[in-house]
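In case you want the letters, here they are:
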Amino acid sequence: MIIDGTGKPGFAGDIGVNGDRIAAIAEPGTLQGRENLDVSGHVVSPGFIDVHTHDDRLVLIDPAMAPKVSQGISTVIVGNCGISLSPLLLNGKQPPQPLDLLGGADDYRFGRMAEYIEAVEAASPAVNVAALVGHSSLRVAAMGDLNRPATDCEIEDMRLMLAAALDDGAIGLSSGLYYPPARAAVIDEVVPLAREVALAGGVYTTHMRDEDDFVMESLEETFETGRRADVPVVVSHHKCAGRRNWGRSVHTLQAIEAAAAKQEVGVDAYPYAACSTILLPEWVDESIRVMVTWSTPYPEMAARDLADIATEWGVSQKEASARLAPAGAVYFDMHEDDVRRILANPLVMIGSDGIPHDQHPHPRLWGTFPRVLGHYSRDIGLFSLEEAVRKMTSLPATKFRLKDRGRVTAGYFADLVVFDPATVMDAATFEKPIAPATGIKTLLVNGKIAYSNADESVSGRSGRFIRRRAIGSN
Ligand code: ZN
């Protein structure tokens, strides 16, 4: 059964692939190739596009990309939440949190996006890679003191670095206004940068200033940025965090839909009621469970609950988190009803937000896409399989302007995943987060087999760096 990514009902058929492209779609049993892959009884869909990743360094150091290809992901978008490995030269200086989620001092070695792209192409990862430029990375590059708004001169420096990166092939800008390195940035700092993205035909994604009590104000800030810069915006990993805010997705989604009627708006989300990021004492709310994912001074505390550690040490959870720093954590801060309401909204795409270098990562790194297909679509019935696939393929390709990807149609790139709709399911859990999903059979990236669950020795590395399309080009 071919599910073509557009949302239309699946249909039986043959797919012909020639080189890196889909050559033909035909009646079942009518196409013969030099090589034939019999996938009867399975679904073939476009390879999944993970719009929200922090795989900037993973694609370089572990190009087999097991957490991603085992989910059927053929393309990742790196550089989200304001943090990108490029363009930023740290010359051995420690990166401020959360830039350390991507790597250490020596990993920030790409002063230009072109150098990062060259490194990705040399690494030849199993998946395609498209890159956003992180606003926080630009701030670290352009400013000494991050705890104030940028001056006009610094904004101009950032704008020039961003313009060069877009010119090299970056697809847009991301911000992380929630995080300390960008918290002091005002909208008048972000708009001129977003404007540069608009001129290049790119997108602006944002980990908003607040996803908690001030989530509505943050949405308004995001839409205003989009309107003033005339740029498409994407709200990253949309959520209503914190007990007091559970249920508010009814209103946030109304606001998003109202804005989307007037300007270009996208949203991504992951299928879990817990988030994960760095561990900061000010974010520890003792009413919710917090699990440590890594800690530099106390690596043995990874996978343990903060409450237990605090009890053992005879201190508050805030004090315990201060002692564990620098560290990362999973925060169980969302309500399942909000997660489902957000996932089900037709504007919402799927993005894993996986953090690949964590010692005990959030299970979204290995489980996101099969969980949406198996748990939320098949078992819960939140939406059809066709709609689940649309959220992972044509919708993100359109929103992020990835040309000729995200659909099973003649002329498009042969990024194709074969899966068993009856068994596809995530295996990663909060307790055992490193586990490949089941039911993903074969993945083709640019016409070559990138993953096969029947034969682990088959592992092609045919991913490409996807450069921004110049305005006016088809
Ligand atoms: Zn984020």
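Calculation notes
- Residues numbered from 1 in each chain as written.
- Predicted model: local features only at pLDDT ≥ 70, side-chain atom pairs only at ≥ 80, totals over all residues.
- Heavy atoms only, no water.
- Phe/Tyr/Trp six-rings, centres within 6.5 Å; stacked < 30°, edge-to-face > 60°.
- Helix = DSSP H or I, 4+ residues; strand = E, 2+ residues; numbered from the N terminus.
- Buried < 20%, exposed > 50% of the residue type's maximum accessible area, 1.4 Å probe, protein only.
- Lys NZ or Arg CZ within 6 Å of the ring centre and 35° of its normal.
- Expected span 1.5 Å × (residues − 1).
- Arc of directions from axis to C-beta.
- Pairing = 2+ DSSP bridges.
- Axes fitted to C-alpha atoms, helices over the stretch in contact; angles between N-to-C directions.

S.K.: Looking at this structure, I do not really get the packing of aromatic side chains. What am I missing?
M.R.: Where two aromatic rings form a pair, the distance of their centres and the angle of their planes describe that pair. With the rule as written, the count across this model stands at nine aromatic pairs. Note on Tyr-179 and Trp-283: the rings are 5.9 Å apart at their centroids and 65° apart in plane angle, and the pair reads as edge-to-face. Of this pair, Tyr-179 sits in the loop between β9 (172-176) and α6 (180-183) while Trp-283 sits in the loop between β13 (275-278) and β14 (290-295), and the two are 104 residues apart along the sequence. Trp-283 sits in the buried class, given a relative accessible area of 15%. What links up through ring pairs into an aromatic cluster is the set Phe-48, Phe-369 and Phe-419. One residue, Arg-21, lies across the ring of Phe-413, its end atom 3.8 Å from the ring centre. Positioned over the ring face of Tyr-270 is Arg-364, at 4.6 Å from the centre of the ring.

S.K.: Is there a simple way to explain helix α9 (residues 249-260) in this structure?
M.R.: Two residues of an α-helix separated by three or four positions point the same way, owing to the 3.6 residues in each turn. The terminal C-alpha atoms of α9, which comprises twelve residues, lie 16 Å apart, in line with the 16 Å expected from a rise of 1.5 Å per residue. Buried residues of α9: Ser-249, Thr-252, Leu-253, Ile-256 and Ala-259, and no others. Along α9, the residues classed as buried sweep out an arc of 125° about the axis, all on the same side.

S.K.: Mind showing me how you'd approach the sheet that holds β14 here?
M.R.: Strand pairing in a sheet is mediated by backbone hydrogen bonds. Such pairs are either parallel or antiparallel. Overall, antiparallel pairing links the three strands, which are arranged β13-β15-β14 in an open sheet. Edge positions in the sheet fall to β13 and β14, since each has one partner strand and no second. Across this sheet, the average inter-strand angle for adjacent strands is 20°, counted without regard to direction. The sheet contact formed by β13 and strand β15 (residues 327-331) spans four bridges and is antiparallel. Of the residues in β15, the one forming a bridge with Cys-275 is Tyr-331.

Treat this as a map of the structure, not an account of what it does.
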